[in-house]
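Observations on chain architecture
Chain residues, written in single-letter form:
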Amino acid sequence: MIQASKLIPQGKGLAPILVKRATTIELDWDVRQKSRFAATDSAGRELGIFLPRGTLVRGGDVLVAEDGSMVRVIAAPQPVLVITHSTQHGTPFDLTRAAYHLGNRHVPIELQPDHLKIEPDHVLADMLRAMHLIVTEQNLPFEPEGGAYAAGHGGGHHHGGHDHGHDHGHDHDHDHSHDHSHAAANTAAPGPGRTVSIPVVAQGHVHGPHCNHDH
């Protein structure tokens, strides 16, 4: 078995010809969210993948084996529920509402401009249909948002700025991640010739009359 312990997100920095010549492995989401797994590539080689804990492997990522060879990851088609809004009875905002309710349940979601994808779940499907959304079962690659679970990889494609609300408790290279709002509120100086009013509150958050927080 050949070991691979290095991941190059989306093959960034590699010559396209090297990526084109690489062998491939097709992996579904269940495997791609694991940091250690075995797989067989398109050349029939047995691979043992050992990646940093919490790494998410995305379609298009390139694994580097211990012998220097490269293996391109393909997101395998798998059963998913595709959620779209009804053009007759709804609006695209219905998808935003659906993403909110699914996110509250910590369901892995792939976000696209005109649809959402989740793993099959008949209870959630019924809930979404009750919200007048269209839910269809299809066989497609599944690339959910990284969210709080993307420790280090960040998703590799369009996942860059989605983690800011979840990461305060994790080990980061920068320890100022949740201090900047307080520092800015207390030390920001007004520009020349104008007065800036800055509310300074204990938790860095100004409560409005309708914010529905428990006081």
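Fair warning: this is a prediction, and the values are worked out from it, not measured in the lab. (Residues numbered from 1 in each chain as written. Predicted model: local features only at pLDDT ≥ 70, side-chain atom pairs only at ≥ 80, totals over all residues. Heavy atoms only, no water.)

On to the sheet that holds strand 10 (residues 133-140), then. A sheet is described by the order of its strands in space; here four strands give the open sequence 8-9-7-10, paired in antiparallel fashion. Because the sheet does not close on itself, it has two edges, and the strands there are strand 8 (110-111) and strand 10. In this sheet, strand 9 (residues 116-118) lies alongside strand 7 (residues 78-85) in antiparallel orientation, the contact comprising three bridges. Opposite Val82, over in strand 9, you have Lys117 as the bridge partner. Sitting on the sheet, helix 4 (residues 122-130) is in contact with strand 7, strand 9 and strand 10, with an inclination near 140° to strand 10. (Pairing = 2+ DSSP bridges. Helix = DSSP H or I, 4+ residues; strand = E, 2+ residues; numbered from the N terminus. Contact = heavy atoms within 4.5 Å. Axes fitted to C-alpha atoms, helices over the stretch in contact; angles between N-to-C directions.)

Turning our attention to the packing of helix 3 (residues 93-104) against helix 4. Helix-helix packing is described using two parameters, namely the angle between the two axes and the distance between the axes. Running from N to C, helix 3 and helix 4 point in directions that differ by 150°, and their axes come no closer than 11 Å. For the element pair helix 3 / helix 4, the angle class is roughly antiparallel. Helix 3 and helix 4 meet at a crossing whose hand is right-handed. Listed contacts from helix 4 to Ala98, His101 and Leu102 of helix 3 are Leu124, Met127 and Leu128. (Parallel < 35°, antiparallel > 145°, perpendicular 65-115°, else oblique. Left-handed = near helix turned anticlockwise from the far one by under 90°.)

Attention now goes to the nonpolar core. If you look at the biggest cluster of nonpolar residues, it comprises 17 residues, and the most contacted ones within it are Ile83, Leu102, Leu116, Ile118, Leu128 and Leu133. If you list the elements that add at least two residues to this core, you get strand 7, helix 3, strand 9, helix 4 and strand 10. Look past the residues within four positions of Leu128 in its chain and what remains in contact with it is Ile83, Ala98, Leu102, Ile118, Leu133 and Val135. Counting 15 residues, the second-largest nonpolar core is a separate cluster that includes Leu7, Ile25, Leu47 and Leu51. (Core = buried A, V, L, I, M, F, W, Y, C linked by side-chain atoms within 4.5 Å. Buried < 20%, exposed > 50% of the residue type's maximum accessible area, 1.4 Å probe, protein only.)

Turning next to the confidence of the model for the chain. Model confidence for the chain is summarised by a mean pLDDT of 79, while 68% of its residues fall at 70 or above. The low-confidence segment residues 148-191 (pLDDT under 50) makes 45 contacts with residues lying over four places distant or belonging to another chain. (pLDDT = per-residue confidence, 0-100.)

Our focus in this paragraph is the environment of Glu145. Along the polypeptide, Glu145 turns up in the loop between strand 10 and helix 5 (180-187). Residue Glu145 is classed as buried on the basis of its relative accessible area of 17%. Along the sequence, Glu145 and Ile109 sit 36 residues apart, while their C-alpha atoms lie 6.0 Å from each other.

Moving on, we come to the sheet that holds strand 1 (residues 2-8). Here six strands make up an open sheet; going across it, the order is 2-6-5-1-4-3 and the pairing mixed. Every interior strand has two partners, whereas the edge strands, strand 2 (23-27) and strand 3 (36-40), have only one. Across this sheet, the average inter-strand angle for adjacent strands is 35°, counted without regard to direction. Summarising the sheet, strand 1 and strand 4 (residues 46-50) pair through three bridges and their orientation is parallel.

Its place among the elements puts Ser35 in the loop between helix 2 (29-32) and strand 3. Beyond its immediate sequence surroundings of up to four residues, Ser35 is in contact with Ile49, Phe50, Leu51, Pro52, Arg53 and Gly54.

Time to look at unusual backbone geometry. One non-glycine residue, Gln10, adopts positive backbone phi at about 55°. For Gln10, the location among the structural elements is in the loop between strand 1 and helix 1 (16-21). A residue is classified by how much of its surface remains accessible, and Gln10, at 32% relative accessible area, is partly exposed.

With that settled, the discussion passes to the packing of aromatic side chains. Counted by the stated rule, this structure contains one aromatic pair. When the centroid spacing of 6.3 Å and the interplanar angle of 85° are considered together, the rings of Trp29 and Phe142 count as edge-to-face. Of this pair, Trp29 sits in helix 2 while Phe142 sits in the loop between strand 10 and helix 5; the two residues are 113 residues apart in sequence, bridging distant segments of the chain. Side by side, Trp29 and Phe142 carry an identical accessibility label, which is buried. (Phe/Tyr/Trp six-rings, centres within 6.5 Å; stacked < 30°, edge-to-face > 60°.)

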